[in-house]
Amino acid sequence: MKRDSNMDWQDSKRFVSHLDLDTFFVSVERLKNSQFMGKPLIVGGLSDRGVVAACSYETRKFGVHSAMPMKLALRLCPHAIVVRGDSESYSYYSRLVTDIIAESVPVMEKASIDEFYVDLTGVDSFFRMW
Ligand SMILES: [Mg+2]
């Protein structure tokens, strides 16, 4: 695709991407404790009304998913390791990722602790992708 033939089309469009960090809480817990690598891990509350805040792919194949009652999650995947959430760590690592994204793109917006919108309009010419 030649760049010149797309100039009008590109000039009138904005290119915004949504970035969602994959299993963010699980990834942070694994950074803090490498023994969790490759193991079925659930982050969430263990009280009677506790829910799954995040879960690893090793638990998802048993049907576990976010926002599920913890009791049900542990019935589906009884061998899962459960850790309580650590909002301080998640905020810390979220800030690290935010800084990396902010240094890498001209315009970004943080939508949540693990979600971002990045405006990539014009970045194609910088990287000569077209
Ligand atoms: Mg996510």
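Look above for the structure.
Residues numbered from 1 in each chain as written. Predicted model: local features only at pLDDT ≥ 70, side-chain atom pairs only at ≥ 80, totals over all residues.

## Overview of the overall build of the protein chain
And then number 1: On a plain count of helices and strands, the protein chain comes out with six helices and six strands.
And then number 2: The N-to-C order of helical and strand elements in the protein chain reads α-β-α-β-β-α-α-β-α-β-β-α.
And then number 3: For the protein chain, the proportion of its 130 residues judged to be buried stands at 18%. (Helix = DSSP H or I, 4+ residues; strand = E, 2+ residues; numbered from the N terminus. Buried ≥ 20, exposed ≤ 12 C-beta atoms within 10 Å, placed from the backbone.)

## Overview of the sheet that holds strand β1 (residues 16-20)
And then number 1: The three strands are arranged β1-β6-β5 in an open sheet whose pairing can be described as antiparallel. Edge strands, defined here as strands with exactly one partner in the open sheet, are β1 and β5 (107-112). The mean angle between the axes of side-by-side strands here comes to 20°, regardless of whether they run parallel or antiparallel.
And then number 2: Pairing of β1 with strand β6 (residues 115-119) involves five bridges; the strand directions are antiparallel. Within the sheet, the bridge partner assigned to S17 lies in β6 and is V118. (Pairing = 2+ DSSP bridges. Axes fitted to C-alpha atoms, helices over the stretch in contact; angles between N-to-C directions.)

## Focus: the environment of I81
And then number 1: Among the structural elements, I81 can be located in strand β4 (residues 81-83).
And then number 2: Taking the C-alpha atoms as reference points, I81 and F36, 45 residues apart in sequence, are found 8.2 Å from one another.
And then number 3: When neighbours within four sequence positions are excluded, I81 is seen to be in contact with F36, K39, P40 and L41. (Contact = placed C-beta atoms within 7 Å.)

## Quick notes on the sheet that holds strand β3 (residues 52-55)
And then number 1: The strand order across the open sheet built from three strands is β3-β2-β4, with neighbouring strands paired in mixed fashion. What marks the edges here is a single partner per strand, and that holds for β3 and β4. Strand-to-strand twist across the sheet, computed as the mean angle between neighbouring axes with direction ignored, equals 25°.
And then number 2: Two elements, strand β2 (residues 41-44) and β3, share three bridges in a ladder whose sense is antiparallel.

## Looking at the environment of S91
And then number 1: Among the secondary structure elements, S91 is positioned in helix α5 (residues 87-104).
And then number 2: Using a count of 12 C-beta atoms within 10 Å as the deciding quantity, one classes S91 as exposed.
And then number 3: Placed 23 residues apart in sequence, S91 and D114 show a C-alpha to C-alpha distance of 9.3 Å.

## A few points about the nonpolar core
And then number 1: Residues I42, V52 and A73 are the most contacted members of the largest nonpolar core, which totals 15 residues.
And then number 2: Contributing elements (two or more residues each) for this core: α2 (24-32), β2, β3 and α4 (70-76). (Core = buried A, V, L, I, M, F, W, Y, C linked by C-beta atoms within 7 Å.)

## Concerning α2
And then number 1: Where α2 is concerned, the buried positions are F25, V26, V28 and E29. Looking straight down α2, one finds that the buried residues subtend no more than 160° of arc, so they occupy a single side.
And then number 2: Considering only its buried residues, α2 is in contact with β2, β3, β4 and α5. (Arc of directions from axis to C-beta.)

## Describing the packing of α2 against α5
And then number 1: Across the interface, α2 lies against α5 with an axial gap of 10 Å and an inter-helix angle of 100°. Taken as axis vectors, α2 and α5 run roughly perpendicular relative to one another. Counted together, F24, F25, V28 and K32 of α2 and S89, Y90 and Y93 of α5 form the full contact between these two elements.
And then number 2: Classifying every residue of the contact of α2 with α5 by side-chain character gives five nonpolar, one polar and one charged. (Parallel < 35°, antiparallel > 145°, perpendicular 65-115°, else oblique. Nonpolar A, V, L, I, M, F, W, Y, C, P; charged D, E, K, R; others polar.)

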